[in-house]
Amino acid sequence: MKPSGYKDKNEVKTTYKIKELLTKIDGQYEGQFPLEHTIRGVSSIANNRLDRITFAENQKHIKEAEKKAKGVVLVDENCRENDIKNLIKVKNLRLSYAQIAQLFNPVPYYNPGVDQTAVLKKNVSIAQNVSINSGSYIGENTIIEKDVVIAPGVKIGRNVRIGSNTVIHPNVVIERDSIIGKDVIIEASTVIGSEGYGYVFSEGKHHHIPQLGNVIIEDEVEIGAVVTIDRATQTSTIIKRGTKIDNQVQIGHNVQIGSNCLLVAHVAIGGSSILGDNVILAGRVAVFDHVKIGDNVKVGAASIVTSDIPEDSFYLGNPAQERINELKARALKNKLVNYRKEIFDLKKEK
Amino acid sequence: MKPSGYKDKNEVKTTYKIKELLTKIDGQYEGQFPLEHTIRGVSSIANNRLDRITFAENQKHIKEAEKKAKGVVLVDENCRENDIKNLIKVKNLRLSYAQIAQLFNPVPYYNPGVDQTAVLKKNVSIAQNVSINSGSYIGENTIIEKDVVIAPGVKIGRNVRIGSNTVIHPNVVIERDSIIGKDVIIEASTVIGSEGYGYVFSEGKHHHIPQLGNVIIEDEVEIGAVVTIDRATQTSTIIKRGTKIDNQVQIGHNVQIGSNCLLVAHVAIGGSSILGDNVILAGRVAVFDHVKIGDNVKVGAASIVTSDIPEDSFYLGNPAQERINELKARALKNKLVNYRKEIFDLKKEK
Amino acid sequence: MKPSGYKDKNEVKTTYKIKELLTKIDGQYEGQFPLEHTIRGVSSIANNRLDRITFAENQKHIKEAEKKAKGVVLVDENCRENDIKNLIKVKNLRLSYAQIAQLFNPVPYYNPGVDQTAVLKKNVSIAQNVSINSGSYIGENTIIEKDVVIAPGVKIGRNVRIGSNTVIHPNVVIERDSIIGKDVIIEASTVIGSEGYGYVFSEGKHHHIPQLGNVIIEDEVEIGAVVTIDRATQTSTIIKRGTKIDNQVQIGHNVQIGSNCLLVAHVAIGGSSILGDNVILAGRVAVFDHVKIGDNVKVGAASIVTSDIPEDSFYLGNPAQERINELKARALKNKLVNYRKEIFDLKKEK
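The model shown is predicted, which means the values in this text are computed figures rather than measured ones.

Structural notes on the overall build of chain A
- Scanning chain A for helices and strands turns up five helices and 40 strands.
- For the C-alpha atoms alone, the extent of chain A along its principal axes is close to 80 × 75 × 30 Å.
- Here chain A holds 350 residues, and the buried ones make up 57% of them.
- Of the contacts made within chain A by residues no fewer than 6 positions apart, 22% connect residues no fewer than 24 positions apart.

This is the structure in structure tokens:
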């Protein structure tokens, strides 16, 4: 197992023959090139070259590929007759593309060993084949499992655990007591385990309530750049297995996010809210604190979730409501001018 | 005095007897444990153990504590009769909890001295008992007062002053000329004193107006992770005493924020706006530039403040208006479908 | 040429006589000071001193300057008769102020040479007069052109190119394959080239689609603090010449932003969207993915752009619509209470 999207660290090949690619995906090759033909990378259709592979997923793409594709094109197995010269028919087009693309996507900052400018405090445990790049800092009692990549400038507090095969990009900060699973990816400058925002007002001042819990990131979670995830007051802020978080998302203390959720850019989740599994929050959605969102819920972009949402719903608006109701209300918003006039006319007729 | 929420740096104890805790808060102990019983930390009610202290602030919590609390429970002094075995009755429950929790919350990255990988430029002044951790950078003429903690990777420009007892988390950037008060906390990856956003368009280009002012952060201000505060064009962007700022907040150039304000996550304040004291902006609020908000104003989540707000108001909406009016309008939004039908019926009856 | 707003690196002067300032701008001096009078910096009007220059752009400012300005005041050439003692009349007031202010704004972190704590990987190319400050990291095959400033803690991946005269503030991360133009400014903790957010769901999991493209930032672009710009899936995410981006902006993969655009704080642009030239997105605007926005479009603060916008339009609202329509609808929003009552009365009269 490895973080999704990266080439296996142990694989040294950088070019692949068509016949080798066919061992990686479930596909059928039809074309003029021999199976020994060499592929050196992926490309867009427009920039496709003899040694590049691309994909075409709709009629517009296929027409473009007929004209411009010089190398190999992945298409759906049900794709209609076409004039693409070299193609591979596959069952799941995007998945197959992803599987091939990752062959050309080496793990960044992979550089086993500890750079001499890195600082390791007392009692740090480093397993085999770990890359600890320049300028990184690892606090007391922290455990780094095998095959982890710590990019330059990453700061990790004390009592942290980083699971095997996880990749942490430059300048990420992971504060004390955080537990990060296996096969996790964290993009640059994200902060995990910052102090939760909790105050009590007394005698003219806000007094901070110490946040003594932690953050738990489960296996296969992927976190974008400049995300903040606060640690819990007493327990754990939890992001469950396989959830994918986009850039600039904010997650408050004590929050629980279920498995396989998608949180798109600029989402914010208030303290102690709980999301079920497979929840999709589109970009810029905000969720109030102490809200429960059921499994399989979708929330449309820029919505504000102020109260609980039952499972399997699709919500939209501010405050968020069932999408169909929000769309009805929106459709009528610009009719207000007419209503005013019609009411006025009706009254005049009296 | 020390930053709110952290243990006193000079205190070495890590465990406390019940009788010692009672010297820290104003409370009355009733229970089965002797006063010599040792407490080693805080916990949630569900995870409470013999040597842990927790708090119960409502009936649901008290019922849970009756069943699950094995250690000591803080409750309000007016709390009704209950079956909790060991409790401390206190006047201000959350404050007392905060005071006890901070005994178990040592200052992070406290490590007096200058790490050998830190870089100090000419004429830097470092007072006693300052911790300058690895990979940090301190520019020319900068003054660091006593007991300050500079975590790993912090970059501080020239001519900056950091007041005593302030704690700066990893990878924070403080640009030139900034003045940071005493007992301030700045969470990871925040940027103080970035260039303000000011342009003049001429001959087909936007020309930057240099921002030659600074940022002033007063005493006891606490700033979350990944916050940006721009420096002023000619004067100072000011955050006054005791204000608490959550993660991912953006504050434009020339802004003045009063004392004891709360700015929740993803708030943005446009250039040159002025907030009074005790203002609370809930999450995701945006304030236009050149707006004045009076003392004690509250603004509900995700509101957009487009013009001045008088003191002691509660505003909501986009554009923000008095909350009661916004709530009335929101309540009727979904009735538009009915209105359309009713108007249609009335017209038909003619 | 140099990045807008900074003093020329080769100029050593820190004070200027009035007659020297007059060689930098197109202005007419009228005053009591001799032309030999020395100016040492800029100030606000209120803090203006004998050796400081300021500007007054409206009647309120001019009245203030009459009372408080002790040094020199820039005013518009058509400014009415006034009692300011020393003034310079100019054609373009803000531009002239900017041109003078930059004389007092030295390039930050300018320190030619490579700091000994910086780490350069194999085959890095560094041109003359480049400043590489402490704790920075430069990946394999990266090219740094002349006069570039790399502040402390900056991390640059492999195969990157940084154009001449560009200034990169502390703790910025630039991921692999990015191409940064000349005279670019990037404020602190920004991330360029993070992995785009693209997944395919299959067999109960989200699989990442590797993002093998890059980011291209053209000449004279300026980027605020804590901005994220994702790299493209196969091609390039492009920010064209002269565009200025404020703090905490998020730009998705495959996006194209035209020339001379302004993106104000907390803007977010969804994947594959295309903005024309001279587009202005006010603060907190979000743009959906795959949207086209024409040249010269303005979008009001906090609007959500869900579909294409034709050139030369001014849009507002959620979903964004022509501003005039949105303003009409907003004006009537609070009238809903009246409508309800009027309809009720009309029905009763039947």
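Okay, back to it.
Regarding the relation of the copies chain C and chain A
- In screw terms, the move from chain C to chain A is a rotation of 120 degrees and a rise of 0.0 Å along the axis, fitting with an RMSD of 0.1 Å. Both chain copies can therefore be described as sitting about a three-fold axis. For chain C, the smallest separation between a C-alpha atom and the rotation axis is recorded for glycine 135 of chain C, amounting to 3.6 Å.
- The residues that chain C uses at the interface reappear at the interface of chain A in only 20% of cases, marking distinct surfaces.

A look at the interface of chain C and chain B
- With 54 residues of chain C in contact, the opposing surface of chain B contributes 50 residues.
- Secondary structure elements with two or more residues in the side of chain C that touches chain B: helix 3 (93–101) and helix 5 (336–349) of chain C.
- Looking at which element gives the most residues to the side of chain C that touches chain B, the answer is helix 5 of chain C, with seven residues.
- Within the side of chain C that touches chain B, the residues separate by chemical class into 22 nonpolar, 22 polar and 10 charged.

Let's talk about helix 3 (residues 93–101) of chain A
- Across the nine residues that make up helix 3 of chain A, a large majority, seven, are buried.
- Every buried residue of helix 3 of chain A is accounted for by Leu93, Ser96, Tyr97, Ala98, Gln99, Ile100 and Ala101 of chain A.

Let's talk about the relation of the copies chain C and chain B
- For these two chains of identical sequence, chain C goes onto chain B by a turn of 120 degrees and a shift of 0.0 Å along the axis, with RMSD 0.1 Å.
- Take the interface residues of chain C: only 19% of them recur as interface residues in chain B, which is what a contact between different surfaces looks like.

Details of the sheet that holds strand 9 (residues 119–120) of chain B
Residues and elements named next belong to chain B.
- Taken together, the 10 strands give an open sheet; going across it, the order is 9-12-15-18-21-26-29-32-35-38, and neighbouring strands pair in parallel fashion. Each edge of the open sheet carries a strand with a single partner, namely strand 9 and strand 38 (304–305).
- Relative to strand 18 (residues 173–174), strand 15 (residues 155–156) runs parallel, the two sharing two bridges. Within the sheet, the bridge partner assigned to isoleucine 156 lies in strand 18 and is isoleucine 174.

Focus: the pairing of strand 22 (residues 199–202) of chain B
- Bridge count between strand 22 of chain B and strand 23 (residues 205–208) of chain B: four bridges; the pairing is antiparallel. The partner of serine 202 of chain B across the bridge, within strand 23 of chain B, is lysine 205 of chain B.

Here we look at the domain arrangement of chain A
- By the assigned domains, chain A splits into domain 1 (16–104) and domain 2 (113–324).
- Taking the mean C-alpha position of each, domain 1 of chain A and domain 2 of chain A sit 37 Å from one another.

Concerning the sheet that holds strand 2 (residues 27–31) of chain A
Residues and elements named next belong to chain A.
- The five strands are arranged 2-7-6-5-4 in an open sheet whose pairing can be described as mixed. The strands lining the two open edges of the sheet, one partner per strand, are strand 2 and strand 4 (41–42).
- Bridge count for strand 6 (residues 72–76) against strand 7 (residues 86–90) is four bridges, and the pairing is parallel. Each bridged residue has a counterpart across the sheet, and for leucine 74 the counterpart in strand 7 is isoleucine 88.

A closer look at the interface of chain C and chain A
- Opposite the 50 residues of chain C that make contact, chain A presents 54 residues.
- Elements represented by at least two residues in the side of chain C that touches chain A include exactly strand 21 (191–194), strand 22 (199–202), strand 23 (205–208), strand 26 (228–230), helix 4 (323–333) and helix 5 of chain C.
- Here the element with the most residues in the side of chain C that touches chain A is helix 5 of chain C; it accounts for five residues.
- Within the side of chain C that touches chain A, the residues separate by chemical class into 20 nonpolar, 20 polar and 10 charged.

Here's the deal with the packing of helix 4 (residues 323–333) of chain A against helix 5 (residues 336–349) of chain B
- With their axes 9 Å apart at the nearest point, helix 4 of chain A and helix 5 of chain B run at an angle of 55 degrees to one another. Considering the angle they form, helix 4 of chain A stands oblique to helix 5 of chain B. Contacts between helix 4 of chain A and helix 5 of chain B pair Lys328, Ala329 and Leu332 of chain A from the former with Leu336, Val337 and Arg340 of chain B from the latter.
- Classifying every residue of the contact of helix 4 of chain A with helix 5 of chain B gives four nonpolar, no polar and two charged.

Calculation rules
Residues numbered from 1 in each chain as written. Chains lettered and ligands numbered in written order. Predicted model: local features only at pLDDT ≥ 70, side-chain atom pairs only at ≥ 80, totals over all residues. Helix = DSSP H or I, 4+ residues; strand = E, 2+ residues; numbered from the N terminus. Buried ≥ 20, exposed ≤ 12 C-beta atoms within 10 Å, placed from the backbone. Contact = placed C-beta atoms within 7 Å. Least-squares fit on C-alpha atoms with pLDDT ≥ 70 in both. Nonpolar A, V, L, I, M, F, W, Y, C, P; charged D, E, K, R; others polar. Pairing = 2+ DSSP bridges. Domains from an automatic or database assignment. Axes fitted to C-alpha atoms, helices over the stretch in contact; angles between N-to-C directions. Parallel < 35°, antiparallel > 145°, perpendicular 65-115°, else oblique.

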